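# Remarks on the overall topology
Below are the chains, spelled out letter by letter.
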Amino acid sequence: MRCSLCGKKIENGTLCNECIETYKQDKAIEQDDKLLLKINRKFLPLHQLLVNFEVILLGIIMIVLSILAQNISYVVCSISFIVISLLFFLMINKRIAVGTKCLFYETKVVYTFDFGFVHRKKVLKYSEIVEITSDQRFLQARFGLGRINIFSNKSGFVFNGIMIEDVPNIKETVKKLRELIGDKI
């Protein structure tokens with residue numbers, strides 16, 4: 001007989017001793033429900049408008065060209081296109097911000113992303129986490145936001161960790177995060 005997970009030869013049963021221990025540890029981690037910290041993404045409309053500056057610039061160019069064409073219907077169409085595009089971008093970014101959460105428990109990190117038909121959930125044990133970093137782009141720094149990157153030992157050429165954009169009060173959040181889980185990594 002062979003172990004159904006690793007393929008090792010065993011006397012009887014379906015799992016070898018190592019796989020049984022791993023299974024028990026995974027079950028214990030699944031039942032961990034003591035929440036230490038919750039990190040959400042923050043939505044700031046002005047920040048999102050500045051991030052999508054190219055749409056605004058395109059709209060301004062369209063309005064100027066339509067004014068130069070001296071056609072009022074072009075101006076109205078250009079302005080309505082800009083407003084609809086910006087509202088669409090803001091709506092999508094708001095939904096993304098609402099659906100992004102990172103929960104830190106005693107033994108694991110749970111990242112959830114819900115947007116439309118996309119539902120992702122990633123669970124990392126603290127033993128799988130290699131490093132936690134934070135950074136800020138220029139606009140994020142102006143609005144007091146930042147990004148948290150959680151690198152796992154599964155991370156490779158293609159990023160396979162967790163990235164949380166637009167975290168409010170990034171310095172305080174990272175400080176609190178390092179205090180809570182710094183010794184567990």
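Please read all numbers here as calculations on a predicted model, not as lab measurements. (Residues numbered from 1 in each chain as written. Predicted model: local features only at pLDDT ≥ 70, side-chain atom pairs only at ≥ 80, totals over all residues. Heavy atoms only, no water.)

## Here we look at the packing of aromatic side chains
For the structure shown, the criterion picks out one aromatic pair. Between Phe88 and Phe89, the aromatic rings sit 6.4 Å apart at their centres with planes inclined by 55 degrees, giving tilted as the arrangement. A relative accessible area of 45% places Phe88 in the partly exposed class. In this arrangement the basic side chain of Lys108 is found over the ring face of Tyr105, its NZ or CZ atom lying 5.2 Å from the centre. (Phe/Tyr/Trp six-rings, centres within 6.5 Å; stacked < 30°, edge-to-face > 60°. Buried < 20%, exposed > 50% of the residue type's maximum accessible area, 1.4 Å probe, protein only. Lys NZ or Arg CZ within 6 Å of the ring centre and 35° of its normal.)

## With respect to the nonpolar core
Counting residues in each nonpolar core, the largest one holds 21 residues, and the members touching the most others are Ile39, Cys102, Phe104, Val109, Ile148 and Ile150. At the level of elements, β1 (35-40), β2 (100-105), β3 (108-115), β5 (129-135), β6 (145-152), β7 (162-168) and α6 (170-181) are the ones that each hand at least two residues to this core. Counting residues per element, this core draws most heavily on α6, which supplies four residues. Phe104 has contacts with Lys34, Leu35, Leu36, Leu37, Ile39, Val109, Tyr126, Ile150, Leu177 and Ile181, leaving out every residue within four places of it along the chain. (Core = buried A, V, L, I, M, F, W, Y, C linked by side-chain atoms within 4.5 Å. Helix = DSSP H or I, 4+ residues; strand = E, 2+ residues; numbered from the N terminus. Contact = heavy atoms within 4.5 Å.)

## Quick notes on a nonpolar patch on the surface
Judged by side-chain polarity, Phe53, Leu57, Ile60, Ile61, Val64, Leu65 and Leu68 come together as a nonpolar surface patch covering roughly 670 Å² of accessible area. As for its placement among the helices and strands, Ile61 is situated in helix α3 (residues 53-68). By relative accessible area, which is 45% here, Ile61 ends up partly exposed. (Patch = residues over 30% accessible without salt bridge, like charges linked within 9 Å, V, L, I, M, F, W, Y side chains within 5 Å. Areas by Shrake-Rupley, 256 points an atom, 1.4 Å probe, with all protein chains shown as cover. Salt bridge = Lys/Arg side-chain N within 4 Å of Asp/Glu carboxyl O.)

## What to know about the pairing of β7
Taken across its seven residues, β7 has five buried, putting it largely inside the fold. For β6 and β7, the ladder comprises five bridges, and the chain directions are antiparallel. Bridge assignment links Ile148 to a residue of β7, and that residue is Ile164. (Pairing = 2+ DSSP bridges.)

Keep in mind these numbers describe shape, not what the thing actually does.
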